[in-house]
Amino acid sequence: MTNHTSIEQDNRVALPLPPKSTYETAAEMDVYARFMRHLRHVPNSRVEIKILSAIQFTADMMDYSDAVVARILADLGLRAPRMAFPAGFLRFADQSFLRPRYDAQGPSAALQELRTHWNQIGEPKFAHIGGEYSLVGEAVCY
């Protein structure tokens, strides 16, 4: 059994689907293809780490930010635990959740579906209120 198959069997994860073939989605198709290609080669057993690593690799290869690649993949249907997404994307998503849905800067339909997914798999409902995304404590030594 390959690592890709184990991702497909995880009920907390839904992999993205390729974009419809139109001229405007050429960049999205490139992001999708690089992400899916790299996802199979990440040598880790944790699904969240595989997805995060593939997002970061895709961003580095295409000279995009991690948050932009994660947003494109979320728009294409990527559903995974919060740990699988980069901090920049989580900050963007959480700030949009604080705005009304009808607001221009409010959450898109894809983000609303992602939030519903997070609620269904048991992610903390009020994680967007905390607002702290640093992975390493920032201590100042004098």
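Residues numbered from 1 in each chain as written. Predicted model: local features only at pLDDT ≥ 70, side-chain atom pairs only at ≥ 80, totals over all residues. Heavy atoms only, no water.

Caption draft 1: Here's a closer look at the overall build of the chain. Looking only at helices and strands, the chain features 7 helices and 0 strands. Across the chain, helices and strands are ordered from the amino to the carboxyl terminus as α-α-α-α-α-α-α. The burial tally for the chain puts 39% of its 142 residues in the buried class. Carbon and sulfur atoms make up 53% of the accessible area of the chain, which totals about 8800 Å². (Helix = DSSP H or I, 4+ residues; strand = E, 2+ residues; numbered from the N terminus. Buried < 20%, exposed > 50% of the residue type's maximum accessible area, 1.4 Å probe, protein only. Areas by Shrake-Rupley, 256 points an atom, 1.4 Å probe, with all protein chains shown as cover.)

Caption draft 2: Structural detail: helix H4 (residues 66–75). Along H4, the positions that sit buried rather than exposed are Val-69, Ala-70, Ile-72, Leu-73 and Ala-74. The inward-facing, buried residues of H4 abut helix H2 (26–39), helix H3 (47–62), helix H5 (87–97) and helix H6 (109–120). In the segment just after H4, Gly-77 is the residue with positive phi, at about 115°. (Contact = heavy atoms within 4.5 Å.)

Caption draft 3: Structural context of the pattern of salt bridges. Inspection of every chain in the model, using the stated rule, returns 6 salt bridges. Notably, a salt bridge pairs Glu-113 with Arg-79, separated by 2.9 Å at the nearest N-O pair. On the criterion of sequence distance, the pair formed by Glu-113 in helix H6 and Arg-79 in the loop between H4 and H5 is long-range, its members being 34 residues apart. Residue Glu-113 is classed as partly exposed on the basis of its relative accessible area of 47%. You can call Arg-79 buried: its relative accessible area is 9%. Note that Arg-82 and Asp-94 form a salt bridge whose closest N and O atoms lie 2.8 Å from each other. Of the two residues, Arg-82 sits in the loop between H4 and H5 while Asp-94 sits in helix H5, which places them 12 residues apart along the sequence. Within the structure, one salt-bridge network assembled from shared partners comprises Arg-12, Arg-46 and Glu-48. (Salt bridge = Lys/Arg side-chain N within 4 Å of Asp/Glu carboxyl O.)

Caption draft 4: Geometry of H5. For H5, the set of buried residues is Phe-89, Leu-90, Ala-93, Asp-94, Ser-96 and Phe-97. The arc that holds the buried residues of H5, viewed along the axis, is 160°, so those residues lie on one side. (Arc of directions from axis to C-beta.)

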